[in-house]
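# Per-entry structural report
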Amino acid sequence: MTKAYERLLACYQCVEDRLPFRPKVALVLGSGLGDYADSIRIESVLDYHDISGFPVSTVSGHKGRFVFGYVNDVPVVIMQGRVHYYEGYAMEDVVLPIRLMKMMGAEILFLTNAAGGVNFDFHAGDFMMITDQISNFVPSPLIGPNIEELGERFCDMSQIYNRELCQIIRETARELSIPLQEGTYIQLTGPNFESPKEVKMCRILGADAVGMSTACEAIAANHMGMKTCGISCISNLGCGMSDQPLSHEEVKETADKVAPLFKQLITSAVTRMGNL
Ligand code: HPA
C-alpha cells in the first residue's frame, strides 16, 4: 500500500468515526461562495483541523471545514474552503480532500471557483461552465506511485467534465434564465495574477478562463471514476484586458455580488443530479 493511501485511510477513519453519513454529491466552494454551505439543511460539520493529517488552508476568506447535509433531499458533502498549490502544499495534499470525499461515498464532484476571463466575449460576473481544461502548468496530482486502490496508472481524460452533468447544468441555467458561458479552464500555479502576455498565451492555447485551482482536483476525481462538473465565476477579466490592475478584493467583490444567482444555479443543478 502506498504512503499516500495509508494517509487517506487514516483521514477516512477520523471522518468515519464521527459521521455515519453517505453523500451523493461532493461540492467544492470557491471564493465568494463559501457561505452557500450555511444555507443548506446541515446534518453535521467537521473542521479540517479535526482530521489528522488533513491539509488546512491559509487564505483569508476561506473557511476550512466539511459541511454534511442536504440540498433539497440530495445528501451532499461541501468543502467550505480548499487548499491551493500556491500555498506550498504538494499536489498530493491539494487533492487529498477530493479523494476523501470519494471514499465517503460521493459519486459526483461539483467544482466551483472564481476565475479570470481570458475570452474577449466574457464579462466580470459571468458564469462559465467548464467543458475541458488545460493543466500542464501545474504538476499532475497523479505523479508518484499509483494508488491502485483508487484508479489506474494511465487513466483516460477524454471527458473530464461529464457530458450528462454538463447537460443538466445547461438546462438548469436555461430554465432559471441565468446566462451561462461555456469554455476551457486553464490552471496556473499563482499566487500572482498573470501578466498581460501570459493571459494572451492562455487565450492562444485555447483557454477561456484562468485560475489557480480546480484542474488538478478534476484529474484526481477522474482517476477515481468520479463524475465531475464545474462552474467558474468570472470575477474579472484577465490582466491587460481592461485598464484596472487586479486585486483579490475585486475578485471577492464580484463573486459576492453574483453569489445569489450562483447559489440558485447550484441548488437546482445539484437537486437534479440527485436523481442520476
Ligand atoms: N487569474 C488567476 N486566477 C484568478 C483570477 C485571475 O485573473 N481571478 C480569479 N482567480
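Relevant structure appears above.
For the structure given in this document, a descriptive report is provided here. (Residues numbered from 1 in each chain as written. Predicted model: local features only at pLDDT ≥ 70, side-chain atom pairs only at ≥ 80, totals over all residues. Heavy atoms only, no water.)

Bringing the pairing of strand E5 (residues 108–117) into the picture now. Across the 10 residues of E5, 10 count as buried, placing the element largely inside the fold. In the sheet, strand E1 (residues 25–29) pairs with E5 via 4 bridges, with the strands oriented parallel. If you follow alanine 26 over to E5, its bridge partner there is leucine 109. Pairing between E5 and strand E9 (residues 227–237): 10 bridges, direction parallel. Each bridged residue has a counterpart across the sheet, and for asparagine 113 the counterpart in E9 is serine 232. Of the pairings in the sheet, the one linking E5 to strand E8 (residues 209–211) comprises 2 bridges and is antiparallel in character. Bridge pairing in E8 places glycine 117 opposite alanine 209. (Buried < 20%, exposed > 50% of the residue type's maximum accessible area, 1.4 Å probe, protein only. Helix = DSSP H or I, 4+ residues; strand = E, 2+ residues; numbered from the N terminus. Pairing = 2+ DSSP bridges.)

Right, let's talk about the side chain of glutamate 217 for a bit. Relative to the elements of secondary structure, glutamate 217 occurs in helix H5 (residues 215–223). Of the residues examined, glutamate 217 reaches a relative accessible area of 1% and is grouped as buried. When neighbours within four sequence positions are excluded, glutamate 217 is seen to be in contact with Arg82, Val95, Ile98, Leu109 and Leu111. (Contact = heavy atoms within 4.5 Å.)

As a packed pair, helix H2 (residues 91–103) and H5 sit with axes 9 Å apart at the nearest point and diverge in direction by 55 degrees. For the element pair H2 / H5, the angle class is oblique. Every pair of crossing elements has a handedness; the one defined by H2 and H5 is right-handed. Residues Met91, Val94, Val95, Ile98 and Arg99 of H2 form the contact with H5, whose participating residues are Cys216, Glu217, Ala220, Ala221 and His223. When grouped by side-chain class, the residues that make up the contact of H2 with H5 number 7 nonpolar, 1 polar and 2 charged. (Axes fitted to C-alpha atoms, helices over the stretch in contact; angles between N-to-C directions. Parallel < 35°, antiparallel > 145°, perpendicular 65-115°, else oblique. Left-handed = near helix turned anticlockwise from the far one by under 90°. Nonpolar A, V, L, I, M, F, W, Y, C, P; charged D, E, K, R; others polar.)

On to the site of the ligand, then. In the region of the ligand, the neighbouring residues are Ala114, Ala115, Gly116, Phe193, Glu194, Val210, Gly211, Met212, Ser235, Asn236, Leu246 and Val251. Note that a nitrogen atom of the ligand is positioned 2.8 Å from one of the side-chain N or O atoms of glutamate 194. For the ligand, the protein covers 96% of the area, taking 260 Å² as the surface of the free molecule. The element best represented in the shell around the ligand is E5, accounting for 3 residues. (Near = heavy atom within 4 Å. Polar contact = N/O pair within 3.5 Å; in protein donor to acceptor, adjacent residues only side chain to side chain. Areas by Shrake-Rupley, 256 points an atom, 1.4 Å probe, with all protein chains shown as cover.)

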